[in-house]
Amino acid sequence: QVQLVESGGGLVQVGGSLRLSCAASGRTFSTYAMGWFRQAPGKEREFVAAINWSGHSTNYADSVKGRFTISRDNAKNTVYLQMNSLKPEDTAVYYCAAGAHSDNISAFPDVYRYWGQGTQVSVSS
């Protein structure tokens, strides 16, 4: 069992930056691939980024490539999402998720077993 708690969301102006953190409980964090997803009002949950267990492989949605960076610190049981050059369309609730397989950095939500409660990111124009 893994429990995930996101933090770092907030209100930021267009072009600004935020860093989201996701703290995981349990000693098996380093065995999970981790992902970030987001859901805007009235829209389906969408993939943002994913990272494998070692941090050496990553996957990004086209909409965030070059602006967002996912990373992890297995010693701290934490995964991060650095978000730069934020746009109004980045406004959403951001969720972190832990995958069942250490190297599966899929964009499909179904491969992720555990989910956090989410943190709100709002970008004002």
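Up top you'll find the structure we're talking about.
What about the side chain of R38?
Move 1: Inspection of the secondary structure assignment puts R38 in strand β4 (residues 34-39).
Move 2: Residue classification places R38 among the buried residues on the basis of a relative accessible area of 5%.
Move 3: Among the polar contacts made by the side chain of R38, one reaches the side chain of E46 at a distance of 2.6 Å.
Move 4: Side chain to side chain, R38 and Y94 meet in a polar contact 2.9 Å long.
Move 5: When residues no more than four places from it in sequence are discounted, the contact partners of R38 are E44, R45, E46, V48, S63, V64, F68, E89, D90, A92, V93 and Y94.

As for the nonpolar core
Move 1: Ranked by size, the top nonpolar core spans 38 residues in total, and within it L4, M34, W36, L81, M83 and Y94 carry the most contacts.
Move 2: At the level of secondary structure, the elements contributing two or more residues to this core comprise β3 (18-24), β4, β5 (46-51), β7 (68-73), β8 (78-83), β9 (92-99), β10 (112-115) and β11 (119-124).

Let's talk about the state of the cysteines
Note on terminology: a disulfide is the covalent bond linking the sulfur atoms of two cysteines.
Move 1: Under the defined criterion, the tally for this structure stands at 1 disulfide.
Move 2: With its sulfur 1.9 Å from that of its partner, C22 forms a disulfide with C96. Its S-S torsion of approximately 45° makes the covalent link between C22 and C96 right-handed. Taken together, the positions of C22 in strand β3 and C96 in strand β9 put the pair 74 residues apart, joining distant regions of the chain.
Move 3: Using a relative accessible area of 0% as the deciding quantity, one classes C22 as buried.

A look at unusual backbone geometry
Move 1: The phi torsion at N77 lies on the positive side, around 50°, for a residue other than glycine.
Move 2: As for its position among the elements, N77 is in the loop between β7 and β8.
Move 3: The class of N77 is buried, set by a relative accessible area of 18%.
Move 4: Located in the positive-phi region is S85, a residue other than glycine, with phi close to 50°.
Move 5: Looking at where S85 falls in the secondary structure, it is placed in the loop between β8 and β9.

Procedures and definitions
Residues numbered from 1 in each chain as written. Predicted model: local features only at pLDDT ≥ 70, side-chain atom pairs only at ≥ 80, totals over all residues. Heavy atoms only, no water. Helix = DSSP H or I, 4+ residues; strand = E, 2+ residues; numbered from the N terminus. Buried < 20%, exposed > 50% of the residue type's maximum accessible area, 1.4 Å probe, protein only. Polar contact = N/O pair within 3.5 Å; in protein donor to acceptor, adjacent residues only side chain to side chain. Contact = heavy atoms within 4.5 Å. Core = buried A, V, L, I, M, F, W, Y, C linked by side-chain atoms within 4.5 Å. Disulfide = S-S within 2.5 Å.

Geometric values such as these leave the question of function open.
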